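Observations on the model geometry
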Amino acid sequence: MADQNPESGSTEPGSPAASSPEQDAATRADTAPAIADDETAARLLNAAGERVPNAELEPWASELDAEAIGGLYRDMVVVRRLDAEGIALQRQGQLGLWPPLLGQEAAQIGSARALRADDFVFSSYREMAVAWVRGARPEGLTRAWRGISASGWDPFTVNMAPMQVIIGAQSLHATGYALGIQNDGADAVAVAYFGDGATSEGDVNEAMVFAASFQAPVIFFCQNNHWAISEPVGLQAHRAISDRAPGFGIPSMRVDGNDVLAVFAAMRSALDRARNGGGPTFIEAVTYRMGPHTTADDPTRYRDPAELELWAGRDPIRRVEALLRGMGAFTPEFEQQVADAADTAAAELRAVTIALKDPAPLSVFDHVYAEPHTALEREREQYRVYLEQFEPPEGAVQAADDAESTSADNGGAR
Amino acid sequence: MTVMTLGGAINAGLRAALAGDEKVMLMGEDIGALGGVYRITDKLQAEFGPRRVVDTPLAEAGILGTAVGLAFRGYRPVVEIQFDGFIYPAFDQIVSQVSRMHARTEGAVTLPITIRVPFGGGIGSAEHHSESPEAYFAHTPGLRVISPSTPQDAFTMIQQAIACSDPVLFFEPKRRYHVKGEVDIDRPLADAAPMGGAHVVVPGTDVTLVAYGPLVATARDAATAALAEGVSIEVVDLRSLAPLDLETLAASVQKTGRLVITHEASGAGGLGAEVAASITERCFEYLEHAPVRVTGFGVPYPPAKLERHYLPDLDRIMDGVDRALGRFGSETAVLGSEVTR
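Residues numbered from 1 in each chain as written. Chains lettered and ligands numbered in written order. Predicted model: local features only at pLDDT ≥ 70, side-chain atom pairs only at ≥ 80, totals over all residues. Heavy atoms only, no water.

By the naming in an unreviewed UniProt entry, chain B is 3-methyl-2-oxobutanoate dehydrogenase (2-methylpropanoyl-transferring), taken from Microterricola gilva. Looking at the Cofactor (unreviewed entry) heading of the UniProt record, one finds this comment for chain B: "thiamine diphosphate". (UniProt positions renumbered as here; feature names shortened; annotations may be inferred.)

From N to C terminus, chain A includes 16 helices and 7 strands. Among the 414 residues that make up chain A, the fraction classed as buried is 56%. Restricting to contacts in chain A with at least 6 residues of sequence separation, those with at least 24 account for 75%. Total accessible area on chain A is roughly 16,500 Å²; 52% of this is exposed by carbon and sulfur atoms. (Helix = DSSP H or I, 4+ residues; strand = E, 2+ residues; numbered from the N terminus. Buried < 20%, exposed > 50% of the residue type's maximum accessible area, 1.4 Å probe, protein only. Contact = heavy atoms within 4.5 Å. Areas by Shrake-Rupley, 256 points an atom, 1.4 Å probe, with all protein chains shown as cover.)

Moving on to a nonpolar patch on the surface. Side chains of Tyr383, Tyr386 and Phe390 of chain A sit close together on the surface and give an oily, nonpolar patch of about 300 Å² of accessible area. Tracing the sequence through the fold places Tyr386 of chain A in helix α14 (residues 374–387). (Patch = residues over 30% accessible without salt bridge, like charges linked within 9 Å, V, L, I, M, F, W, Y side chains within 5 Å. Salt bridge = Lys/Arg side-chain N within 4 Å of Asp/Glu carboxyl O.)

Most peptide bonds take the trans form, and the phi angle of most residues other than glycine is negative. All names here are of chain B. A cis amide bond links Ala242 to the next residue, Pro243, at an omega of 0°. Examined against the element boundaries, Pro243 turns out to sit in the loop between β12 (240–242) and α9 (246–256). Notably, Asp30 is not glycine yet its phi reads approximately 70°, a positive angle. Turning to its location among the elements, Asp30 is positioned in the loop between β2 (24–28) and α2 (44–48). Given a relative accessible area of 33%, Asp30 falls into the partly exposed group. Of note in the backbone geometry, Lys43 takes a positive phi value of approximately 70° without being a glycine. Counting through the fold element by element, Lys43 comes out in the loop between β2 and α2.

Residue and element names in this part refer to chain B. Strands sit in the order β9-β11-β10-β13-β14 across an open sheet of 5 strands; the sheet is mixed. Either end of the sheet is taken by a strand with one partner, and the two such strands are β9 (199–202) and β14 (292–296). For this sheet, the mean inter-axis angle between neighbouring strands, taken without regard to orientation, is 25°. Direction of pairing for strand β10 (residues 207–211) relative to strand β11 (residues 233–237): parallel, over a ladder of 5 bridges. Of the residues in β11, the one forming a bridge with Ala211 is Asp237. Each of β9, β10, β11 and β13 (259–266) is contacted by helix α8 (residues 215–228), which is oriented at about 170° to β11, the strand it contacts most. (Pairing = 2+ DSSP bridges. Axes fitted to C-alpha atoms, helices over the stretch in contact; angles between N-to-C directions.)

On to the pattern of salt bridges, then. Going through the model one piece at a time under the given rule, you end up with 36 salt bridges over all chains. Arg254 of chain A is paired through a salt bridge with Glu284 of chain A; the nearest N and O atoms lie 3.0 Å apart. You can see Arg254 of chain A sitting in strand β6 (residues 252–256) and its partner Glu284 of chain A sitting in strand β7 (residues 281–286), a full 30 residues away along the chain. Since its relative accessible area comes to 1%, Arg254 of chain A is described here as buried. Measuring nitrogen to oxygen at the nearest pair gives 2.6 Å for the salt bridge that ties Asp84 of chain B to Lys174 of chain B. You can see Asp84 of chain B sitting in the loop between β4 (76–80) and α4 (91–98) and its partner Lys174 of chain B sitting in the loop between β7 (168–173) and β8 (180–183), a full 90 residues away along the chain. Classification of Asp84 of chain B by relative accessible area gives buried; the value is 0%. Several salt bridges share partner residues, and in doing so they unite Arg81, Glu85, Asp343 and Arg350 of chain A into one network.

Time to look at the domain arrangement of chain B. Residues and elements named next belong to chain B. Considered domain by domain, chain B is made up of domain 1 (2–191) and domain 2 (199–328). Centre-to-centre, using C-alpha coordinates, domain 1 lies 26 Å away from domain 2. Residue-level contacts link 25 residues of domain 1 with 23 residues of domain 2. Note on domain 1 versus domain 2: buried area summed over both sides is about 1,800 Å², and carbon and sulfur give 53% of it. On inspection of domain 1 and its partner domain 2, the count reaches 2 salt bridges. (Domains from an automatic or database assignment. Buried area = accessible area lost by both parts, 1.4 Å probe.)

What follows is about the interface of chain A and chain B. Tallying the contact residues gives 45 residues for chain A and 49 residues for chain B. Buried surface at the junction of chain A and chain B, summed over both partners, amounts to about 3,700 Å²; 55% is from carbon and sulfur atoms. At the level of secondary structure, the elements contributing two or more residues to the side of chain A that touches chain B comprise β1 (120–122), α6 (155–158), α7 (169–184), α8 (202–214) and α14 of chain A. Ranked by the residues each element gives to the side of chain A that touches chain B, the list is headed by α7 of chain A, at 12 residues. The class makeup of the residues in the side of chain A that touches chain B is 23 nonpolar, 14 polar and 8 charged. (Nonpolar A, V, L, I, M, F, W, Y, C, P; charged D, E, K, R; others polar.)

Turning our attention to the packing of aromatic side chains. Working definition: an aromatic ring pair is given by the centre-to-centre distance plus the angle between the planes. In total, this model carries 30 aromatic pairs over all chains according to the counting rule given. Plain terms: the ring middles of Tyr383 of chain A and Tyr386 of chain A are 5.7 Å apart, the flat faces sit at 20° to each other, and that makes the pair stacked. Here Tyr383 of chain A pairs with Tyr386 of chain A, and both are found in helix α14, just 3 residues apart, close to one helical turn. For Tyr383 of chain A, a relative accessible area of 33% corresponds to the partly exposed category. Overall, Tyr386 of chain A belongs to the partly exposed group, its relative accessible area being 41%. With a centroid separation of 5.5 Å and an interplanar angle of 65°, the aromatic rings of Tyr38 of chain B and Phe83 of chain B are classed as edge-to-face. Here the residue Tyr38 of chain B occupies a position in the loop between β2 and α2, and Phe83 of chain B occupies one in the loop between β4 and α4, the gap between them amounting to 45 residues. Of the residues examined, Phe83 of chain B reaches a relative accessible area of 9% and is grouped as buried. Of the aromatic side chains, those joined through ring pairs into one cluster are Tyr88, Phe91, Phe119, Tyr136, Phe137 and Phe171 of chain B. The ring of Trp311 of chain A has Arg314 of chain A sitting right over it, with the charged end atom 4.4 Å from the ring centre. Sitting above the plane of the Tyr75 of chain B ring, Lys23 of chain B keeps its charged end 4.4 Å from the centroid. (Phe/Tyr/Trp six-rings, centres within 6.5 Å; stacked < 30°, edge-to-face > 60°. Lys NZ or Arg CZ within 6 Å of the ring centre and 35° of its normal.)

This brings us to the layout of surface pockets. Looking at the largest pocket, its volume works out to about 1,000 Å³. Residue lining of the largest pocket: 42 residues in total, with Ala135, Ala138, His139, Leu271 and Glu274 of chain B positioned closest to the centre. Breaking the lining of the largest pocket down by element, the ones donating at least two residues are α14 of chain A together with α6 (134–138), β12, β13 and α10 (271–283) of chain B. Looking at the lining of the largest pocket residue by residue, the classes come out as 24 nonpolar, 11 polar and 7 charged. The residue makeup of the lining of the largest pocket includes at least three contributed by each of domain 1 (2–191) and domain 2 (199–328) of chain B. (1 Å grid on protein atoms, 1.4 Å probe; cavity = no way out; pocket = protein on both sides within 12 Å on 5 of 7 lines; lining within 4 Å. Points joined across faces, edges and corners; volume = space filled by probe spheres on them.)

Another aspect to go through is the UniProt feature "domain: Transketolase-like pyrimidine-binding" (unreviewed entry) in chain B. The sites that UniProt annotates as "domain: Transketolase-like pyrimidine-binding" (unreviewed entry) are residues 4–179 of chain B. End-to-end, the C-alpha atoms of residues 4–179 of chain B are 8 Å apart, and along that stretch the chain is 36% helix and 17% strand.

Next up, the structure:
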């Protein structure tokens, strides 16, 4: 593996580094930059669903036969359906918020399917497809957005930390976890998922310093979805984001994030390097957030419809469907199976989400500390006495009895 | 009993913790070969190796953030923030991540991280090297904040902090690092007083004087000086800033009827305000005078040639005691102001 994808070097046509000062100024003024395209990203499958050669990636995708590719396709269709259901649930008032992942199915499914069960994932809030692959149960995807809890799943059941809202903070957690793996002499790998906006944060940069210094077995997986809420990637980076890592001494790859085969292969090669003591890798998966940042966002205020149309033509699911058709593996039976799996998953997500009960009042004091804390116990007791002044409403007695166990009852993967 | 300095006692406590639990590891800038800029980790890397005592890059958020990940993996990181003023770059990781990961995961993840912070002034140092940032952390749910004032407490409390399953900020009174005292290094940790408790270090009957960390010694001096004037001061060493041991404080104030609180940090929103409000809520009918605060001023920590004016000293504490006793002191100046700007 080369230290850096040669296609993402500084002389790429149209990159700010290769353009004139006038063009540089224009790029700065209009921050939809030259690197907003996906032309320099490595791929195994083009937008038309045709296999394209890539000697670097191919060996790492060799295990993907028709059945395995069909599995990746099914995963992507299912999580797209779950994502749509999440939006619907939010629109119907069942969720406070939802961060759509439409368009990023290949980046998330391809990378997550390459992992081993004992690898450990630290993600942002948009990696619902990764959580799904890691084994989080449906309510794990929605309970935080419903306001039941700050997180969805038991981290040690699915080997995935709770979703992170502070941009980029998890990159340091992944690096620290990787240092622990290293100290333990194990061959697991820690993975940090973050977006293009996060690469502007100090934490991500400090994580790369630590990872390089200690050669930690960590993978920085950046989904460059081109938008940090309303700010285009050009406001975060005037070069390919993958160009940064080599400056830290970390090899990087820039892959087509809408090509599930390329993402899988890139992740596999990085995992192999980390397991064999080769240290960290940075992967930039070039993809596109087709929907809003969250259901509270309105991308029509800041985004050119033509850009959306361009990326719609690069849809990650349609191209795999075309590939499978070409392989004779996209049978009506298979199509029906996948559709049924998506419907079943979505129906279950809806049912378990609506069934989630509000936590008992006194559970607000639970789990702040691992050991007894006098100040908190004082407040809990004071509030308990306060609540007891009121006539208990219907069912409140039961709720109070459940106070200690409510969180576990609703507990995601538990 | 062994006589050692407060700094030496922390070193001995760290050594005991490293020897007692292989999951304990130290992380920080310059803590290895150098032994820390204050030599608190002296010789520990040579003894336990570079995987247990880790020199990190110069990145405070990086130190705290990687400690979070290590704790996820089952380690008990003890991180050194080189100086009080350098903790701010790590502030987000401490208050947004370290403090709440246990709650966010509904108890699944514990972060037994100890954050060592040499704090406070009085050493004639440069800017950002004399700060007292403890109130920021005492304000944040999920964190515990403690500060020792004697070698024995330093030895015991650092081990208690490391053994605690919660994140603990351990504020070391750096101007007292060289103060010597007797330390029983053989006493089992289980026999020590719990980590969250305050101590009455000088018994008295007329005024309760509350201090912690570097000012406990000054408060003791004030008690001695007051006794010569016929005033009996009871000095309480807070030891734990979060949670506060309100039982010990209330018992003292119920006895004396007067409360003076002193700390180096500026007064606004500080520990003194918290102690005054909490004790007033509980002991209003016992108080003979409003609680009095003697603190650093509401200014950035001043240059070395001015710090003796900023830091509460024996005379300023005695002035506070006078105010609590209803004597003249500076009370007129404080309460005579009719206009609040």
